[in-house]
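Residue-level listing of the chains:
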Amino acid sequence: MEKAVIVIPTYNEKDSIARMADHLFQKILPVDGWNVKVLVVDGNSPDGTSDVVREKQKSYPDLELLVEQKKEGIGAAYIKGFKYAVDKLGADAVIEFDGDFQHPPETIPLLLKELDNGYDYILGSRRVKGGGFPASWGFKRMFFTVAGGFTARVILFFPTKDFFKVTDPTTGLKATRTTLLNKVDYEHVYSRGFGYKLEWLFKKIKAGAKVKEIPLDFKLREEGVSKITGQTPFEILKTVCLLRLKDPGTVRFMKFAIVGFIGFLVNAIFLEVFRAGSGESIASWFRGRIENCRLLCSASAWAAGLATELSICSNFILNNCWTFSKKNFQRKDNIFLRFLRFNLTSMGAIIIEFGVVGVFTRIFADNVLVRQLSMIGSVIFLVLPYNWFMYNNVIWKKKKSGSGK
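Residues numbered from 1 in each chain as written. Predicted model: local features only at pLDDT ≥ 70, side-chain atom pairs only at ≥ 80, totals over all residues. Heavy atoms only, no water.

Engineer: Tell me about the pattern of salt bridges, residues and numbers included.
Structural biologist: Oppositely charged side chains can pair when the atoms bearing their charge come close. On inspection of all chains with the given rule, the structure shows 19 salt bridges. Between Glu187 and Lys83 there is a salt bridge, with its nearest N and O atoms 3.7 Å apart. Of this pair, Glu187 sits in the loop between helix H6 (178-181) and helix H7 (195-206) while Lys83 is found in helix H3 (residues 74-87), placing the two residues 104 residues apart along the sequence. Its relative accessible area of 30% is what places Lys83 among the partly exposed residues. Here Asp162 ties to Lys165 by a salt bridge, and the two come within 3.2 Å at their closest N and O atoms. Judged by relative accessible area, Asp162 falls into the buried class, the value being 10%. Connected via shared salt-bridge partners are Glu272, Arg275, Glu280, Asp366 and Arg371. (Salt bridge = Lys/Arg side-chain N within 4 Å of Asp/Glu carboxyl O. Helix = DSSP H or I, 4+ residues; strand = E, 2+ residues; numbered from the N terminus. Buried < 20%, exposed > 50% of the residue type's maximum accessible area, 1.4 Å probe, protein only.)

In C-alpha coordinates:
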(Lines give C-alpha, C1' and ligand atoms only; values in the text may rest on other atoms or scores of the structure.)
Protein backbone atom coordinates (compact mmCIF):
# COMPACT_ATOMS: atom_id res chain seq x y z
CA MET A 1 0.00 0.00 0.00
CA GLU A 2 1.33 3.40 -0.98
CA LYS A 3 1.89 6.16 1.55
CA ALA A 4 0.58 9.71 1.19
CA VAL A 5 1.21 12.60 3.57
CA ILE A 6 -1.12 15.59 3.76
CA VAL A 7 1.04 18.58 4.75
CA ILE A 8 -0.85 21.38 6.52
CA PRO A 9 1.05 24.53 7.56
CA THR A 10 -0.51 26.41 10.48
CA TYR A 11 -0.05 29.59 12.46
CA ASN A 12 -2.50 30.59 15.20
CA GLU A 13 -5.12 28.14 13.96
CA LYS A 14 -5.91 26.08 17.06
CA ASP A 15 -9.67 26.07 16.49
CA SER A 16 -9.68 25.30 12.75
CA ILE A 17 -6.96 22.65 12.95
CA ALA A 18 -8.88 20.81 15.66
CA ARG A 19 -12.00 20.71 13.47
CA MET A 20 -9.93 19.78 10.42
CA ALA A 21 -8.30 16.85 12.20
CA ASP A 22 -11.70 15.55 13.30
CA HIS A 23 -13.16 15.97 9.83
CA LEU A 24 -10.26 14.28 8.04
CA PHE A 25 -9.96 11.24 10.31
CA GLN A 26 -13.70 10.77 10.92
CA LYS A 27 -15.14 11.51 7.45
CA ILE A 28 -12.40 11.36 4.75
CA LEU A 29 -9.75 8.86 5.79
CA PRO A 30 -8.83 6.14 5.11
CA VAL A 31 -8.72 6.18 1.30
CA ASP A 32 -8.71 2.86 -0.59
CA GLY A 33 -5.22 1.82 -1.64
CA TRP A 34 -3.46 4.50 0.40
CA ASN A 35 -1.95 4.72 3.85
CA VAL A 36 -2.55 8.42 4.57
CA LYS A 37 -0.94 10.46 7.31
CA VAL A 38 -1.60 14.10 8.19
CA LEU A 39 1.43 16.25 9.01
CA VAL A 40 0.83 19.62 10.66
CA VAL A 41 3.76 22.02 10.32
CA ASP A 42 3.21 24.71 12.91
CA GLY A 43 5.08 28.01 12.88
CA ASN A 44 5.50 28.00 16.68
CA SER A 45 2.07 29.59 17.09
CA PRO A 46 1.66 31.60 20.30
CA ASP A 47 -2.02 30.60 20.53
CA GLY A 48 -1.16 26.99 21.37
CA THR A 49 -1.95 25.39 18.00
CA SER A 50 0.74 22.76 18.53
CA ASP A 51 -0.72 21.84 21.94
CA VAL A 52 -4.11 21.25 20.31
CA VAL A 53 -2.48 18.98 17.70
CA ARG A 54 -0.67 17.03 20.42
CA GLU A 55 -3.98 16.48 22.17
CA LYS A 56 -5.56 15.26 18.93
CA GLN A 57 -2.65 12.85 18.39
CA LYS A 58 -3.97 10.84 21.33
CA SER A 59 -7.07 10.05 19.25
CA TYR A 60 -5.46 9.86 15.80
CA PRO A 61 -2.22 7.80 15.50
CA ASP A 62 -1.70 8.97 11.89
CA LEU A 63 -1.57 12.63 12.91
CA GLU A 64 2.01 13.96 12.90
CA LEU A 65 3.36 17.28 14.20
CA LEU A 66 6.43 19.27 13.22
CA VAL A 67 7.01 22.56 15.06
CA GLU A 68 9.26 25.20 13.49
CA GLN A 69 11.59 27.13 15.75
CA LYS A 70 10.24 30.30 14.19
CA LYS A 71 7.75 31.22 11.51
CA GLU A 72 9.57 31.69 8.17
CA GLY A 73 6.72 31.72 5.66
CA ILE A 74 4.35 29.22 4.10
CA GLY A 75 6.92 28.14 1.52
CA ALA A 76 9.48 27.36 4.22
CA ALA A 77 6.85 25.39 6.14
CA TYR A 78 6.07 23.22 3.11
CA ILE A 79 9.78 22.64 2.43
CA LYS A 80 10.28 21.35 5.98
CA GLY A 81 7.07 19.35 5.77
CA PHE A 82 8.04 17.70 2.49
CA LYS A 83 11.48 16.76 3.79
CA TYR A 84 9.94 15.24 6.91
CA ALA A 85 7.31 13.40 4.87
CA VAL A 86 9.89 11.89 2.54
CA ASP A 87 12.77 11.24 4.96
CA LYS A 88 10.87 10.29 8.12
CA LEU A 89 7.50 9.00 6.93
CA GLY A 90 8.53 7.37 3.63
CA ALA A 91 5.89 9.21 1.59
CA ASP A 92 5.17 8.11 -1.99
CA ALA A 93 3.10 11.27 -2.47
CA VAL A 94 2.66 14.58 -0.66
CA ILE A 95 -0.40 16.84 -0.63
CA GLU A 96 -0.36 20.60 -0.05
CA PHE A 97 -3.46 21.48 1.93
CA ASP A 98 -4.91 24.38 3.93
CA GLY A 99 -6.18 23.79 7.45
CA ASP A 100 -8.89 26.46 7.37
CA PHE A 101 -11.42 24.61 5.15
CA GLN A 102 -10.81 26.83 2.11
CA HIS A 103 -9.76 23.58 0.44
CA PRO A 104 -12.66 21.11 0.75
CA PRO A 105 -11.37 17.93 2.46
CA GLU A 106 -13.50 15.93 0.01
CA THR A 107 -10.95 16.74 -2.71
CA ILE A 108 -8.29 14.54 -1.09
CA PRO A 109 -9.64 11.20 -2.42
CA LEU A 110 -9.92 12.83 -5.86
CA LEU A 111 -6.27 13.87 -5.75
CA LEU A 112 -5.18 10.35 -4.79
CA LYS A 113 -7.41 8.81 -7.45
CA GLU A 114 -5.64 10.80 -10.18
CA LEU A 115 -2.28 9.67 -8.82
CA ASP A 116 -3.58 6.11 -9.22
CA ASN A 117 -4.53 6.99 -12.81
CA GLY A 118 -0.88 7.66 -13.69
CA TYR A 119 -0.54 11.41 -13.18
CA ASP A 120 2.24 12.62 -10.90
CA TYR A 121 1.19 16.25 -10.36
CA ILE A 122 -2.45 17.00 -9.54
CA LEU A 123 -3.68 20.57 -9.14
CA GLY A 124 -6.95 21.84 -7.75
CA SER A 125 -8.15 24.50 -10.18
CA ARG A 126 -10.73 27.19 -9.59
CA ARG A 127 -10.81 27.84 -13.33
CA VAL A 128 -12.05 24.51 -14.67
CA LYS A 129 -15.64 23.28 -14.82
CA GLY A 130 -16.84 22.43 -11.34
CA GLY A 131 -14.36 24.76 -9.65
CA GLY A 132 -14.96 28.31 -8.57
CA PHE A 133 -14.36 31.26 -6.27
CA PRO A 134 -16.47 32.39 -3.29
CA ALA A 135 -19.54 34.29 -4.48
CA SER A 136 -18.95 36.97 -1.86
CA TRP A 137 -15.55 37.94 -3.23
CA GLY A 138 -15.54 41.52 -4.48
CA PHE A 139 -14.49 42.62 -7.95
CA LYS A 140 -11.08 43.81 -6.74
CA ARG A 141 -10.07 40.48 -5.24
CA MET A 142 -11.45 38.52 -8.18
CA PHE A 143 -9.63 40.76 -10.65
CA PHE A 144 -6.28 40.50 -8.91
CA THR A 145 -6.61 36.73 -8.48
CA VAL A 146 -7.61 36.02 -12.08
CA ALA A 147 -5.40 38.67 -13.71
CA GLY A 148 -2.47 37.79 -11.45
CA GLY A 149 -2.77 34.11 -12.27
CA PHE A 150 -2.94 34.80 -16.00
CA THR A 151 0.07 37.14 -15.81
CA ALA A 152 2.05 34.48 -13.96
CA ARG A 153 1.18 31.91 -16.64
CA VAL A 154 2.29 34.28 -19.41
CA ILE A 155 5.60 35.14 -17.75
CA LEU A 156 6.43 31.55 -16.82
CA PHE A 157 5.31 29.61 -19.87
CA PHE A 158 4.24 31.68 -22.89
CA PRO A 159 4.62 30.94 -25.79
CA THR A 160 5.47 27.29 -25.03
CA LYS A 161 2.90 24.49 -24.89
CA ASP A 162 3.26 24.46 -21.08
CA PHE A 163 1.13 27.61 -21.05
CA PHE A 164 -1.93 25.45 -21.71
CA LYS A 165 -1.20 22.79 -19.06
CA VAL A 166 -2.30 24.90 -16.09
CA THR A 167 -5.31 27.20 -15.69
CA ASP A 168 -4.81 28.19 -12.04
CA PRO A 169 -1.09 28.61 -11.27
CA THR A 170 -1.61 30.19 -7.83
CA THR A 171 -3.70 27.35 -6.46
CA GLY A 172 -2.59 25.96 -3.11
CA LEU A 173 -4.20 22.52 -3.46
CA LYS A 174 -1.73 20.09 -5.01
CA ALA A 175 -0.63 16.47 -4.88
CA THR A 176 2.85 15.42 -6.00
CA ARG A 177 4.44 12.01 -6.34
CA THR A 178 7.83 11.95 -4.65
CA THR A 179 9.38 10.49 -7.80
CA LEU A 180 8.63 13.87 -9.41
CA LEU A 181 9.57 15.77 -6.28
CA ASN A 182 13.01 14.16 -6.31
CA LYS A 183 13.64 15.52 -9.82
CA VAL A 184 13.51 19.15 -8.69
CA ASP A 185 15.37 21.24 -6.15
CA TYR A 186 12.46 22.16 -3.91
CA GLU A 187 14.62 23.22 -0.94
CA HIS A 188 16.43 26.14 -2.56
CA VAL A 189 13.80 28.63 -3.66
CA TYR A 190 13.67 32.34 -4.43
CA SER A 191 10.68 32.80 -2.15
CA ARG A 192 9.74 31.20 1.14
CA GLY A 193 6.40 32.97 1.06
CA PHE A 194 3.60 32.48 -1.48
CA GLY A 195 6.00 32.72 -4.41
CA TYR A 196 7.03 29.13 -3.68
CA LYS A 197 3.80 27.97 -5.40
CA LEU A 198 4.90 29.36 -8.74
CA GLU A 199 8.49 28.18 -8.35
CA TRP A 200 7.54 24.58 -7.62
CA LEU A 201 4.96 24.66 -10.40
CA PHE A 202 7.58 25.90 -12.87
CA LYS A 203 10.25 23.43 -11.78
CA LYS A 204 7.94 20.43 -11.78
CA ILE A 205 6.50 21.17 -15.21
CA LYS A 206 10.00 21.73 -16.59
CA ALA A 207 10.93 18.34 -15.10
CA GLY A 208 8.27 16.71 -17.27
CA ALA A 209 5.38 16.41 -14.82
CA LYS A 210 2.26 14.56 -15.94
CA VAL A 211 -0.25 17.22 -14.95
CA LYS A 212 -3.94 16.82 -14.21
CA GLU A 213 -6.30 19.50 -12.92
CA ILE A 214 -9.35 18.69 -10.82
CA PRO A 215 -12.11 21.17 -9.88
CA LEU A 216 -11.53 23.20 -6.72
CA ASP A 217 -14.58 24.93 -5.27
CA PHE A 218 -12.64 27.40 -3.16
CA LYS A 219 -14.34 28.29 0.13
CA LEU A 220 -14.34 31.32 2.40
CA ARG A 221 -12.10 31.13 5.44
CA GLU A 222 -14.25 30.31 8.45
CA GLU A 223 -11.64 31.13 11.10
CA GLY A 224 -8.15 32.57 11.39
CA VAL A 225 -6.33 35.24 9.41
CA SER A 226 -5.11 35.10 5.82
CA LYS A 227 -1.40 34.45 5.33
CA ILE A 228 -1.44 36.80 2.31
CA THR A 229 0.05 40.26 2.91
CA GLY A 230 0.23 43.43 0.85
CA GLN A 231 3.69 42.38 -0.34
CA THR A 232 2.53 39.01 -1.65
CA PRO A 233 1.74 40.17 -5.25
CA PHE A 234 5.18 41.80 -5.56
CA GLU A 235 6.86 38.72 -4.10
CA ILE A 236 5.08 36.49 -6.62
CA LEU A 237 5.92 38.82 -9.54
CA LYS A 238 9.58 38.95 -8.52
CA THR A 239 9.70 35.16 -8.23
CA VAL A 240 8.16 34.42 -11.64
CA CYS A 241 10.38 37.00 -13.36
CA LEU A 242 13.53 35.51 -11.80
CA LEU A 243 12.44 32.01 -12.79
CA ARG A 244 11.87 32.94 -16.41
CA LEU A 245 14.99 35.09 -16.76
CA LYS A 246 17.21 32.34 -15.36
CA ASP A 247 15.55 29.56 -17.35
CA PRO A 248 18.05 28.05 -19.84
CA GLY A 249 15.49 28.29 -22.64
CA THR A 250 14.97 31.99 -21.99
CA VAL A 251 18.70 32.64 -21.78
CA ARG A 252 19.16 30.81 -25.06
CA PHE A 253 16.40 32.84 -26.70
CA MET A 254 17.96 36.11 -25.46
CA LYS A 255 21.29 35.05 -26.95
CA PHE A 256 19.46 34.11 -30.13
CA ALA A 257 17.89 37.58 -30.22
CA ILE A 258 21.26 39.32 -29.76
CA VAL A 259 22.83 37.23 -32.49
CA GLY A 260 19.81 37.93 -34.66
CA PHE A 261 20.21 41.69 -34.11
CA ILE A 262 23.85 41.49 -35.14
CA GLY A 263 22.79 39.53 -38.21
CA PHE A 264 20.14 42.16 -38.89
CA LEU A 265 22.79 44.92 -38.85
CA VAL A 266 24.96 42.88 -41.23
CA ASN A 267 21.92 42.37 -43.45
CA ALA A 268 20.91 46.05 -43.44
CA ILE A 269 24.39 47.39 -44.15
CA PHE A 270 25.33 44.94 -46.88
CA LEU A 271 21.93 45.24 -48.55
CA GLU A 272 23.00 48.74 -49.58
CA VAL A 273 26.60 47.72 -50.29
CA PHE A 274 25.50 44.88 -52.62
CA ARG A 275 22.76 47.04 -54.18
CA ALA A 276 25.41 49.32 -55.59
CA GLY A 277 27.75 46.52 -56.61
CA SER A 278 27.17 42.78 -56.89
CA GLY A 279 23.37 43.00 -56.94
CA GLU A 280 23.38 45.32 -59.93
CA SER A 281 25.91 43.16 -61.78
CA ILE A 282 23.85 39.97 -61.34
CA ALA A 283 20.64 41.76 -62.32
CA SER A 284 22.32 43.13 -65.44
CA TRP A 285 23.42 39.63 -66.42
CA PHE A 286 19.80 38.39 -66.22
CA ARG A 287 18.49 41.43 -68.10
CA GLY A 288 20.67 40.51 -71.06
CA ARG A 289 19.36 36.96 -71.23
CA ILE A 290 15.77 36.88 -69.91
CA GLU A 291 12.90 39.09 -70.98
CA ASN A 292 9.99 40.13 -68.71
CA CYS A 293 11.45 38.48 -65.58
CA ARG A 294 11.24 41.46 -63.28
CA LEU A 295 12.14 39.68 -60.04
CA LEU A 296 15.31 38.00 -61.37
CA CYS A 297 16.28 41.28 -63.00
CA SER A 298 15.90 43.22 -59.75
CA ALA A 299 19.21 44.47 -58.35
CA SER A 300 17.61 44.98 -54.92
CA ALA A 301 16.33 41.39 -54.81
CA TRP A 302 19.79 39.99 -55.50
CA ALA A 303 21.35 42.43 -53.02
CA ALA A 304 18.88 41.23 -50.39
CA GLY A 305 19.72 37.59 -51.11
CA LEU A 306 23.47 38.19 -50.90
CA ALA A 307 23.15 40.26 -47.73
CA THR A 308 20.99 37.54 -46.17
CA GLU A 309 23.64 34.92 -46.97
CA LEU A 310 26.28 37.07 -45.26
CA SER A 311 24.07 37.50 -42.19
CA ILE A 312 23.48 33.72 -42.21
CA CYS A 313 27.23 33.16 -41.97
CA SER A 314 27.39 35.62 -39.07
CA ASN A 315 24.47 33.92 -37.34
CA PHE A 316 25.98 30.46 -37.72
CA ILE A 317 29.33 31.42 -36.23
CA LEU A 318 27.84 33.27 -33.24
CA ASN A 319 25.05 30.75 -32.55
CA ASN A 320 27.43 27.82 -32.84
CA CYS A 321 29.98 29.37 -30.48
CA TRP A 322 27.56 31.02 -28.06
CA THR A 323 23.77 30.51 -28.25
CA PHE A 324 23.67 26.73 -28.70
CA SER A 325 27.18 25.89 -27.50
CA LYS A 326 25.92 23.81 -24.54
CA LYS A 327 23.49 21.65 -26.48
CA ASN A 328 24.26 17.93 -26.78
CA PHE A 329 25.48 17.44 -30.33
CA GLN A 330 26.34 14.16 -31.96
CA ARG A 331 30.05 13.46 -31.66
CA LYS A 332 30.38 12.62 -35.36
CA ASP A 333 28.66 15.84 -36.37
CA ASN A 334 31.31 17.74 -38.38
CA ILE A 335 31.11 21.53 -38.07
CA PHE A 336 31.57 21.99 -41.84
CA LEU A 337 28.75 19.57 -42.56
CA ARG A 338 26.64 21.40 -40.02
CA PHE A 339 27.45 24.70 -41.74
CA LEU A 340 26.43 23.19 -45.09
CA ARG A 341 23.20 21.91 -43.57
CA PHE A 342 22.70 25.31 -41.95
CA ASN A 343 22.97 27.02 -45.32
CA LEU A 344 20.62 24.56 -46.96
CA THR A 345 17.97 24.98 -44.26
CA SER A 346 18.48 28.75 -44.38
CA MET A 347 17.64 28.87 -48.06
CA GLY A 348 14.12 29.63 -46.92
CA ALA A 349 15.31 32.89 -45.33
CA ILE A 350 17.21 33.83 -48.49
CA ILE A 351 14.18 33.15 -50.67
CA ILE A 352 11.93 35.10 -48.31
CA GLU A 353 14.08 38.23 -48.35
CA PHE A 354 14.84 37.92 -52.05
CA GLY A 355 11.13 37.79 -52.83
CA VAL A 356 9.87 40.37 -50.34
CA VAL A 357 12.48 43.03 -51.12
CA GLY A 358 12.24 42.36 -54.84
CA VAL A 359 8.44 42.62 -54.90
CA PHE A 360 8.20 45.70 -52.68
CA THR A 361 10.84 47.64 -54.58
CA ARG A 362 8.98 46.82 -57.81
CA ILE A 363 5.58 47.84 -56.45
CA PHE A 364 6.64 51.03 -54.68
CA ALA A 365 10.11 52.41 -55.40
CA ASP A 366 13.66 51.12 -55.46
CA ASN A 367 15.17 53.36 -52.82
CA VAL A 368 16.84 52.99 -49.42
CA LEU A 369 13.64 53.51 -47.42
CA VAL A 370 11.61 50.85 -49.26
CA ARG A 371 14.49 48.37 -49.26
CA GLN A 372 15.12 48.73 -45.53
CA LEU A 373 11.46 48.69 -44.51
CA SER A 374 10.69 45.61 -46.61
CA MET A 375 13.79 43.88 -45.26
CA ILE A 376 12.81 44.69 -41.66
CA GLY A 377 9.26 43.47 -42.20
CA SER A 378 10.38 40.20 -43.74
CA VAL A 379 12.86 39.59 -40.91
CA ILE A 380 10.37 40.24 -38.10
CA PHE A 381 7.32 38.47 -39.47
CA LEU A 382 8.80 35.68 -41.59
CA VAL A 383 12.52 35.05 -41.16
CA LEU A 384 12.74 35.11 -37.34
CA PRO A 385 10.01 32.47 -36.77
CA TYR A 386 11.46 30.37 -39.58
CA ASN A 387 15.01 30.57 -38.19
CA TRP A 388 14.02 29.83 -34.58
CA PHE A 389 12.19 26.70 -35.69
CA MET A 390 15.02 25.50 -37.94
CA TYR A 391 17.77 26.25 -35.40
CA ASN A 392 16.06 24.29 -32.61
CA ASN A 393 14.70 21.43 -34.67
CA VAL A 394 17.31 20.88 -37.38
CA ILE A 395 20.68 22.59 -36.91
CA TRP A 396 21.17 22.47 -33.15
CA LYS A 397 18.66 19.77 -32.36
CA LYS A 398 19.55 18.19 -29.03
CA LYS A 399 20.61 14.58 -29.18
CA LYS A 400 18.19 12.25 -27.40
CA SER A 401 19.77 10.60 -24.40
CA GLY A 402 20.59 6.98 -25.02
CA SER A 403 20.28 7.37 -28.77
CA GLY A 404 23.07 6.08 -30.88
CA LYS A 405 21.87 7.90 -33.94
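Engineer: Got a sec to walk through the side chain of His103? Specific residues and values, please.
Structural biologist: Its place among the elements puts His103 in the loop between strand E4 (93-96) and helix H4 (107-116). Polar side-chain contacts of His103 include one of 3.2 Å to the backbone nitrogen of Asp98. Those residues in contact with His103 that lie beyond four places of it in its chain are Glu96, Phe97, Asp98, Gly172, Leu173, Leu216 and Phe218. (Polar contact = N/O pair within 3.5 Å; in protein donor to acceptor, adjacent residues only side chain to side chain. Contact = heavy atoms within 4.5 Å.)

Engineer: If you had to explain the nonpolar core to someone new, which residues and values would you point to?
Structural biologist: In this structure, Phe82, Trp200 and Leu201 are the most contacted members of the largest nonpolar core, which totals 37 residues. When residues of this core are traced back to their parent elements, those giving at least two are strand E1 (2-10), strand E2 (34-42), H3, strand E5 (121-125), helix H5 (139-157), H6, H7 and helix H8 (232-246). Ignoring any residue separated from it by four or fewer positions in sequence, one finds Leu201 in contact with Tyr121, Leu123, Phe157, Val166 and Pro169. Formed by 35 residues, the second largest nonpolar core is a distinct cluster that contains Ala21, Val36, Tyr60 and Phe101. (Core = buried A, V, L, I, M, F, W, Y, C linked by side-chain atoms within 4.5 Å.)

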